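Survey of secondary and tertiary structure
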Amino acid sequence: MLYEQYPELDAFLLSMPGAVRDFQPVWQWDRYLVGGRQFAGLCRPGAEHAAGYAGRPLLNLKADPAEGDFYRRQYPDILPGFYSDKRSWISIRLDGAVPQEEVLHLARRSWQLVFAKLTKKAQRAILEGGGSPG
């Protein structure tokens, strides 16, 4: 499991209200979900994938399209989202040169974007500590 190689990042992602981690065996991804929706994913694409992604540990995050474009221009180690909608997801090479504070900021922002799309009922349940309803 890739999350075991990044214990501080794993703990940070799980510290978000309502966050849970699971493993997607088909993709070989550690996924982080809130209200049943993914806000982050850890993966290491195989050699058959594009050179920018292949063999690199990646953190996939939801991003506002304009914000994602901004960060991709700022950091060569932030790429369009691997195996996801490249307009609204980014991939950060965890073995690259993106400062840790930026990684954490983008992870928090991803959680916020996904949380905002949940129903008000689900949001309340999560914030009250009961997880997502039903």
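Reference entry: report on the structure contained in this document. Predicted model only: the values in this text are computed from it and were never measured. Just so you know, the residues in each chain are numbered from 1, in the order the chain's sequence is written. Predicted model: local features are reported for residues with pLDDT of at least 70 only, side-chain atom pairs are reported and counted for 80 or more only, and whole-chain, interface and lining totals are derived from all residues. Just so you know, side-chain values use all the structure's heavy atoms and leave hydrogens and water out.

Describing the environment of L94
A run of H or I in DSSP counts as a helix once it spans at least four residues, and a run of E counts as a strand once it spans at least two, with each numbered from the N terminus. Among the secondary structure elements, L94 is positioned in the loop between β6 (89-93) and α3 (100-116). Residues L94 and R56, 38 residues apart in the sequence, show an inter-C-alpha distance of 7.6 Å. In this view, L94 contacts Y6, L9, L42, P57, L58 and L59; residues no more than four positions away in its chain are not counted. Should any heavy atoms of two residues lie within 4.5 Å, those residues are counted as being in contact.

Re the packing of aromatic side chains
In this description, an aromatic ring pair is defined by two values, namely the gap between the centres and the angle between the planes. A pair of aromatic rings is counted whenever rings of Phe, Tyr or Trp (Trp by its six-membered ring) have centres within 6.5 Å, and the orientation is called stacked for planes under 30 degrees apart, edge-to-face for over 60 and tilted otherwise. Counting across every chain of the model gives 7 aromatic pairs. Measuring from centroid to centroid gives 5.3 Å for Y53 and F82, while their planes differ by 45°, and the two rings are tilted. Pair noted here: Y53 is in the loop between β3 (37-43) and β4 (58-62) and F82 is in the loop between β5 (78-80) and β6, with a separation of 29 residues, a long-range link. No difference in accessibility class separates Y53 from F82, as the two residues are buried. Taken together through their ring pairs, the aromatic side chains of W27, W29, Y53 and F82 make up a single cluster. Taking NZ or CZ as reference, R21 lies 3.5 Å from the ring centre of Y3, over its face. Remark: exposure states derive from per-residue accessible area (1.4 Å probe, protein chains only) relative to the maximum for the residue type, with buried under 20%, exposed over 50%, and partly exposed in between. By definition, being over a ring means that NZ of Lys or CZ of Arg is both within 6 Å of the ring centre and within 35 degrees of the ring normal.

With respect to the pairing of β4
Of all 5 residues in β4, 4 are buried, a share of seventy percent or more. Relative to β4, β3 runs antiparallel, the two being bridged by 4 bridges. Bridge assignment links G41 to a residue of β4, and that residue is N60. A strand pair is defined by DSSP finding two or more bridges across the two strands. Strand direction decides the pairing type here: β4 and β6, joined by 5 bridges, are antiparallel. Bridging from a neighbouring strand, L58 pairs with R93 of β6.

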